[in-house]
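Overview (structure and organization)
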Amino acid sequence: GSAVYNLGSATQRWNQIFLGSGSLHLGTDCRISSDDDVGSIDINKPLKVVGGVAASRHLVTSSMTASNLNFFIGVSCSSPVTVQMPGSDTLHSGQFFVIKDEGGNANLYNITIKTSGSQTIDGQSTIVLESPFSSVNLYSNGVDKFFIY
């Protein structure tokens, strides 16, 4: 079932906390849920963060296949490396990745970023980082493409 609770006082209060099936609503503008395969926080107003923000970082020293759990992929290698992107169709529209040459060796050991099947990154099946400390930001359309931004 669900319930509605009003908390606080007349000067300091939450409008409403609603506990529903699989979600927690904080007033009318915020919902925290875990639907299907993704946890989400939906905020229908500008978000103000007071403090730092951290995202997952995966350090790569050899070729790897990225997953939908990756965000920052840092590469530090002593031989060429391939980062195989997950299928765009397995990701959410707008999901993004940052791939960075953390070791500064991409001029010696290129970092190839490769898509699955006929999927593309700005129309190409692969892109290559070949400058020291270079990086690329990619986002998925959730269907068949990645885009550099």
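Thoughts on the overall build of the protein chain
- Each helix and strand in the protein chain was counted, giving 0 helices and 15 strands.
- Looking at the 149 residues of the protein chain, the share that counts as buried comes to 30%.
- Sequence separation of at least 24 residues holds for 45% of the intrachain contacts in the protein chain that already meet a minimum separation of 6.
- Accessible surface for the protein chain amounts to roughly 9200 Å². Of this, 52% is attributable to carbon and sulfur atoms.

Focus on the packing of aromatic side chains
- With the rule as written, the count across this model stands at 6 aromatic pairs.
- Their ring planes at 85° and their centres at 4.5 Å tell us that Phe71 and Phe72 sit as a pair that is edge-to-face.
- Phe72 sits in the partly exposed class, given a relative accessible area of 35%.
- Taking the centre distance of 5.1 Å and the plane angle of 70° together, the rings of Phe71 and Phe96 count as edge-to-face. Of this pair, Phe71 sits in the loop between strand 7 (64-65) and strand 8 (72-75) while Phe96 sits in strand 10 (residues 96-101), and the two are 25 residues apart along the sequence.
- Assessed through its relative accessible area of 18%, Phe71 is described here as buried.

With respect to the pattern of salt bridges
- On inspection of all chains with the given rule, the structure shows 2 salt bridges.
- Of the charged contacts, one joins Glu102 and Arg57 as a salt bridge, the two residues approaching to 2.6 Å between their closest N and O atoms. Of the two residues, Glu102 sits in the loop between strand 10 and strand 11 (111-114) while Arg57 sits in strand 6 (residues 57-60), which places them 45 residues apart along the sequence.
- On the basis of relative accessible area, Arg57 is assigned to the exposed category, the value being 51%.
- One salt bridge in this structure joins Lys145 and Asp144, with 3.9 Å as the shortest N-O distance.

Some thoughts on the side chain of Asn70
- Assignment of secondary structure puts Asn70 in the loop between strand 7 and strand 8.
- Within polar-contact distance, the side chain of Asn70 engages the backbone nitrogen of Ser67 at 2.7 Å.
- Excluding its chain neighbours within four sequence positions, the residues that come into contact with Asn70 are Ser56, His58, Met64, Phe96 and Phe97.

Focus on the pairing of strand 11
- Going residue by residue along strand 11, you find Ile111 and Ile113 tucked away on one face and Thr112 and Lys114 left uncovered on the opposite face.
- Sheet topology note: the strand 11/strand 13 (residues 126-129) ladder contains 4 bridges and is antiparallel. Considered in strand 13, the bridge of Lys114 is made with Thr126.

Topic: the environment of Ser135
- Examined against the element boundaries, Ser135 turns out to sit in strand 14 (residues 135-140).
- By relative accessible area, Ser135 is classed as partly exposed at 42%.
- Along the primary structure Ser135 and Asp101 are separated by 34 residues, whereas in three dimensions their C-alpha atoms are 6.1 Å apart.
- In contact with Ser135, other than residues within four places in its own chain, are Ile99, Lys100 and Leu129.

What about the sheet that holds strand 6?
- Taken in spatial order, the 6 strands of this open sheet run 6-8-10-14-15-12, and their pairing is mixed. Each edge of the open sheet is held by one strand with a lone partner, namely strand 6 and strand 12 (120-121).

Considerations on the sheet that holds strand 9 (residues 81-84)
- Across the sheet, 4 strands lie side by side as 7-9-11-13; this open sheet has mixed pairing. Edge positions in the sheet fall to strand 7 and strand 13, since each has one partner strand and no second.

About the criteria used
Residues numbered from 1 in each chain as written. Predicted model: local features only at pLDDT ≥ 70, side-chain atom pairs only at ≥ 80, totals over all residues. Heavy atoms only, no water. Helix = DSSP H or I, 4+ residues; strand = E, 2+ residues; numbered from the N terminus. Buried < 20%, exposed > 50% of the residue type's maximum accessible area, 1.4 Å probe, protein only. Contact = heavy atoms within 4.5 Å. Areas by Shrake-Rupley, 256 points an atom, 1.4 Å probe, with all protein chains shown as cover. Phe/Tyr/Trp six-rings, centres within 6.5 Å; stacked < 30°, edge-to-face > 60°. Salt bridge = Lys/Arg side-chain N within 4 Å of Asp/Glu carboxyl O. Polar contact = N/O pair within 3.5 Å; in protein donor to acceptor, adjacent residues only side chain to side chain. Pairing = 2+ DSSP bridges.

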